[in-house]
Amino acid sequence: MAKKPPRKPTEDHAFIAFGKDGSVRKQTERYPSDKAGQEKRLAKEFCEGLSNITGSTWSHRLLSEADHDFEAFDPTTTVVCQAVEIVPKRDFLKRISEEQWIESSHPFTEVQFHDGSYWGVDQGKRDGILSSRIEGKFAKNYSKPKKPFWLLLWSVDPVFMVSWAEGGESRVSDGVKLARTKLAASGAQPFDEIWYKGPFVNPYRLWPC
């Protein structure tokens, strides 16, 4: 009997939709729990975002090779994409009790509320997670394809932000600044470009910048 593909961690991500008729509804979505399903959903959303920001029409095809995840292409360019996920509850959040939050008897300077629970933010790990994921992919020693080669970091958690607008100006997180400083010193080989994709937002290019 063929083995079922292993399940991968996935969580709901939600947003508020405002209708033209004044209606308000909460839309909740969840990525598939298998690797192939997640890659298909991610590739689709990434290409939709590229289409939004480039004015060109991007599509995708999943790859059968073990090393890489999918190709993204428009009428003039085809790129090979390697993707890696950031999961805040695994990577830099730690659950704390409601009593710890009320009494401030925890060591965190920032606390988030998710799914009925309180989570302390390890700010050092949060600021370092982009660099950590990138360096982890460097350690794989991928052979550079003949086509342009992109690394895509992604998360379904809307709280993990890498860029935003403030006072009419664009801002980036400390994690982005750290990653760019390291990339400026070491280079990004074998990757030609490095991107981040969060939920409900267009992809953001981390490198080159």
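Details of the structure are given in the entry above.
Cut-offs used in this document
Residues numbered from 1 in each chain as written. Predicted model: local features only at pLDDT ≥ 70, side-chain atom pairs only at ≥ 80, totals over all residues. Heavy atoms only, no water. Helix = DSSP H or I, 4+ residues; strand = E, 2+ residues; numbered from the N terminus. Expected span 1.5 Å × (residues − 1). Buried < 20%, exposed > 50% of the residue type's maximum accessible area, 1.4 Å probe, protein only. Arc of directions from axis to C-beta. Contact = heavy atoms within 4.5 Å. 1 Å grid on protein atoms, 1.4 Å probe; cavity = no way out; pocket = protein on both sides within 12 Å on 5 of 7 lines; lining within 4 Å. Points joined across faces, edges and corners; volume = space filled by probe spheres on them. Nonpolar A, V, L, I, M, F, W, Y, C, P; charged D, E, K, R; others polar.

Q: Can you help me understand helix H5 (residues 174–186) in this one?
A: One full turn of an α-helix is made of 3.6 residues, so residues set three or four places apart face in the same direction. Between the first and last C-alpha of H5 there are 18 Å, a value that for 13 residues agrees with the 18 Å anticipated at 1.5 Å per step. Inspection of H5 places Gly175, Val176, Ala179, Arg180 and Leu183 among the buried residues, and these make up the whole buried set. Taken around the axis of H5, the buried residues stretch over an arc of 130°, which confines them to a single face. Opposite the buried face of H5, at more than 90 degrees from it, the exposed residues are Thr181, Ala184 and Ala185. Check the buried side of H5 and you find it contacts helix H4 (123–138), strand E11 (169–172), strand E12 (193–197) and strand E13 (204–207). Looking one or two residues past H5, Gly187 carries a phi angle of roughly 85°, positive in sign.

Q: Quick question: what am I supposed to make of empty space enclosed by the protein here?
A: Tallied over the entire structure, the rule returns 1 cavity of 30 Å³ or more. In this structure, the largest cavity occupies an estimated 30 Å³ of space. Lining the largest cavity, in full, are Pro88, Phe92, Leu93, Gln112, His114, Arg126, Asp157, Val159 and Phe160. Among the residues making up the lining of the largest cavity, the classes are represented as 5 nonpolar, 2 polar and 2 charged.

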